[in-house]
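# Examination of the molecular architecture
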Amino acid sequence: MRSLKLAEGCKGTQVYALNPSAPTPPLPPGNGGGGTGGGVGDKLLQHIQDHLRVNSVRSKSSRSYTAPNQANAVVSPESLLPFGLPVTDLLEPQIDPCLKFADLIEKMAEVYRRVDNCTQLEKSGAYLEQCAIFRGLSDPKLFRRSLRSSRQHAVDVHAKVVLASWLRYERREDELIGTSSMDCCGRNLECPKATLVPGYDPESVYDPCICSGSSRLEMNDDCDVAECSTSEEVDYDMSFCIGDEEVRCVRYKIASLSRPFKSMLYGGFRETKRGTINFTQNGISVEGMRAAEMFSRTSRLDNFPPNVVLELLKLANRFCCDELKAACDSHLACLVNNLDEAMLLIEYGLEEAAYLLVAACLQVFLRELPSSMHNPNVIKIFCSVEGRERLASLGHASFALYFFLSQIAMEDDMKSNTTVMLLERLVECAVENWEKQLAYHQLGVVMLERKEYKDAQRWFNAAVEAGHLYSLVGVARSKFKRDHRYSAYKIINSLISDHTATGWMHQERSLYCSGKEKLLDLDTATELDPTLTFPYKFRAVALVEENQFGAAISELNKILGFKASPDCLEMRAWISIGKEDYEGALKDIRALLTLEPNFMMFNWKIPADNMVELLRPLAHQRSQADCWMQLFDHWSSVDDIGSLAVVHDMLANDPGNSLLRFRQSLLLLRLNCQKAAMRSLRLARNHSKLKHERLVYEGWILYDTGHREEALAKAEESISQQRSFEAFFLKAYALADSTLDPKSSDYVIQLLEEALRCPSDALRKGQALNNLGSVYVDCDKLDLAADCYTNALNIKHTRAHQGLARVYHLKNQRKAAYDEMTKLIEKAQNNASAYEKRSEYCDREMAQSDLSLATQLDPLRTYPYRYRAAVLMDDHKEHEAIDELSKVISFKPDLQLLHLRAAFYDSMGEGASAVKDCEAALCIDPGHADTLDLYHKAREPNATDQK
């Protein structure tokens, strides 16, 4: 199913340490198992890797069923846990490298006010701060929207280049085969030509760009200048002598190039009276001087080779020829199209202070990321102090640039020297308070990862002094690593005492206490923020230490039911191996590899894909046909993690299957793992051998990153080449993503009907029938909708129960609607949404029970909180209603929740609180009409009070 909730819920944090004292299984005979301790572990790891190489060859030659007794003959279960099970004493959570706040809502409101009140020329920086805040939230759409706004309001060429390149990087188009880094998406927003046009023009960024049918030269050259006529007679009245040759010129034309030339030719110097001037010692060739003469008459550089234009640039700098310099700068900037050209020309640009040329070179470096980050010459320019100073001298060293670069470096290798140097440059560029907080905090995080604890503590302290309270967690952790446990405890205990407690505060304090106090802190952390993974993992490992493997798995199931977290999947697989549930372990590791293909298990000791090869012989082997049937069953039972595992297994046999890659992306979107979903979509596009299929996948990539119109164009182009289910479905889906009038609804219905006429499998046809039923319901065609849902159920599209229940409800058949949702609850493995929906078809007491279950299964679903709050308000329990909403807002700042709480505050006469919530909601969606109305209403009495 396509999902509009594209939250990036797949950032893994591998924080499990291993028990060094855990007993290590003996090595098989003949493998040199005479050592003990770490030596045994190392040799056993080598044994596993040797086995994997042999087993990998076997797996490629045969994927037939292997009986369990045969499997045990190949792999001993003891070898699967060479480093033992994790222990509680060595577990700890990672520190988030993003900005984090004790009162996120207050910060969001503050940033909204800044954006709303600043001048037009300051908006880009305000939106960049908003980007930094949204970076730490789970919804990537918010970050991308703020980044687009920052690019829209960019004032200078440098900011346009950096932000447009960042937007492109977010789509990772560098991974699409057959594309160039300088390819354009069709809008000024990201167009590599439009970014080099000086000037502030926020209204034009979403217009079609100038790429089609134009050369880069047309961008800045004055097209209305008359072409030079070679046949036109020119009255030459002087010459420049260079060596043995003369270049004839028009004196007043040369004089017009600059004041120094004018003074030389008309200012009473010796050259004023001479008809021939010796110019040999001025560093310009005959070709260069002829080009200068030509430019003096035509103001054009069209026909000159780059080496001549570079000479002209030097001449312009030497004789202060501003117009000539600008023309050379612009012309050379237009010639930069690849990394080699950029590396060659940037040195000239820096030496000759050519702003646009350097901008064009930077643009290539940035659009080639992340690969260009491994080029030593690029690294030297960006990372060295001298390189930053040279860029700064031309206005090309900004906080935005190093913010972008440092994020990529941290994703690539947080501990590398490159990351440290880029963050040091980021610190040097930080001017505003939030910039210093971010730069200092991230340097602290990196130093902590590098185990340089004194430096980490110093940078965290600097961040705290700049106003970033969350960095106190880093200060405490740095002290803890240096055996100052009590000092760390006091820091976090004081933080909890002085501020409204949050989940991350109690989670951190739990590290520095023990026994019941530790467990109480972890339980409180989960209560305040159920999305934190560490408390679940700690409780699970504590249960494993008591040999309660089943209870440990159940604890991890709680969070994996609503958050596909790689580290929790790893932990569940780890424990499953311990209880010899190899099928379960293999399923989790396959799902884990779908989220993070290079994941390293057991504290970065063994690649996860190696563990798949070890476990596969111990699990049931299935043919590709069996896998399709299993996928159908998992999909029908709404078991997304199980479906991911099956698809991963199928791709091991058929890695180039673009259809499977696309199915994989749909599942990942359903799990709110957008980053992994986009990777699967890119792979689907790259592996597709048919042009019309590639267009569909490119369309989904565009749609899922906010480019709806471009996605529609891709769908239409695909249909023009080949009528297919997916092309019609994409077009219908993109069109339906707006308020539909009757005419538009009829068109969407036609598109879905066309899709259903095209060949496809039952999984996708069921989705199309479900969507078609939804459109029919919106058009009040209930019988047709019921037919669609029934047909979808006939091919086991389980989610159609929800649509059919809605039809029954609209027909005033409430009992039938309730029963239909009960069927979905019984069939679906992930059924929080089903409980939520069923609550609409029963009385208040039963609804409260269903919604309580929905919250328990998935605390990220907001409707149950809103319902309970509304009931409390109806019962005149205003403060309890506010508390109900505040409970979820603290870990999920949702637009509807904030709007509802603002409305409650307004009804209670608490105008200031209502205004703050409105501002935070408008930070999420500045155009939300109901919130804007409430905001203006709530501000009026406040303004009166202030007067």
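Below is a summary of the structure that appears in this document. Please read all numbers here as calculations on a predicted model, not as lab measurements.

Analysis parameters
- Residues numbered from 1 in each chain as written.
- Predicted model: local features only at pLDDT ≥ 70, side-chain atom pairs only at ≥ 80, totals over all residues.
- Heavy atoms only, no water.
- Buried < 20%, exposed > 50% of the residue type's maximum accessible area, 1.4 Å probe, protein only.
- Helix = DSSP H or I, 4+ residues; strand = E, 2+ residues; numbered from the N terminus.
- Pairing = 2+ DSSP bridges.
- Contact = heavy atoms within 4.5 Å.
- Axes fitted to C-alpha atoms, helices over the stretch in contact; angles between N-to-C directions.
- Phe/Tyr/Trp six-rings, centres within 6.5 Å; stacked < 30°, edge-to-face > 60°.
- Lys NZ or Arg CZ within 6 Å of the ring centre and 35° of its normal.

## Some words on the pairing of strand E1 (residues 238-242)
- Burial of E1 is extensive: five of the five residues sit out of reach of the surface.
- Side chains Met238, Phe240 and Ile242 of E1 all project onto a buried face; the interleaved residues Ser239 and Cys241 project onto the opposite face, where all are buried too.
- Where E1 and strand E2 (residues 245-249) come together, five bridges link them in antiparallel fashion. Pairing of methionine 238 across the sheet is with cysteine 249, part of E2.
- The antiparallel pairing of E1 with E2 creates a hairpin that spans two residues between the two strands, and glycine 243 there sits at a positive phi of about 65°.
- Strand direction decides the pairing type here: E1 and strand E3 (residues 276-278), joined by three bridges, are parallel. Across the sheet, residue cysteine 241 finds its bridge partner in E3, namely asparagine 278.

## Focus on the environment of tyrosine 697
- With respect to the helices, strands and loops of the structure, tyrosine 697 is situated in helix H34 (residues 691-704).
- Apart from residues no more than four positions distant in its own chain, tyrosine 697 is found in contact with Ser658, Leu659, Phe662, Leu681, Ala684, Arg685 and Ser688.

## What to know about the sheet that holds E1
- Across the sheet, which stays open at both edges, the three strands sit in the order E2-E1-E3 with mixed pairing between neighbours. Edge strands, defined here as strands with exactly one partner in the open sheet, are E2 and E3. Adjacent strand axes in the sheet meet at a mean angle of 25° when their direction is disregarded.
- Helix H9 (residues 286-298) contacts E1 and E2 of the sheet and is inclined by roughly 5° relative to E2.

## With respect to the packing of aromatic side chains
- Inspection of every chain in the model, using the stated rule, returns 26 aromatic pairs.
- Taking 5.9 Å as the distance between ring centres and 85° as the angle between the ring planes, the aromatic pair formed by tryptophan 700 and tyrosine 703 counts as edge-to-face. Within this pair, tryptophan 700 and its partner tyrosine 703 are both found in helix H34, separated by three residues, close to a single helical turn.
- Given a relative accessible area of 0%, tryptophan 700 falls into the buried group.
- What makes tyrosine 703 buried here is its relative accessible area of 8%.
- Taken together, the ring pairs connect Phe143, Trp166, Tyr169, Phe399, Phe403, Phe404 and Trp434 into an aromatic cluster.
- The ring of phenylalanine 729 has arginine 764 lying over it, and the distance from NZ or CZ to the ring centre is 4.6 Å.

Functional significance is not addressed by these values, which are geometric in nature.
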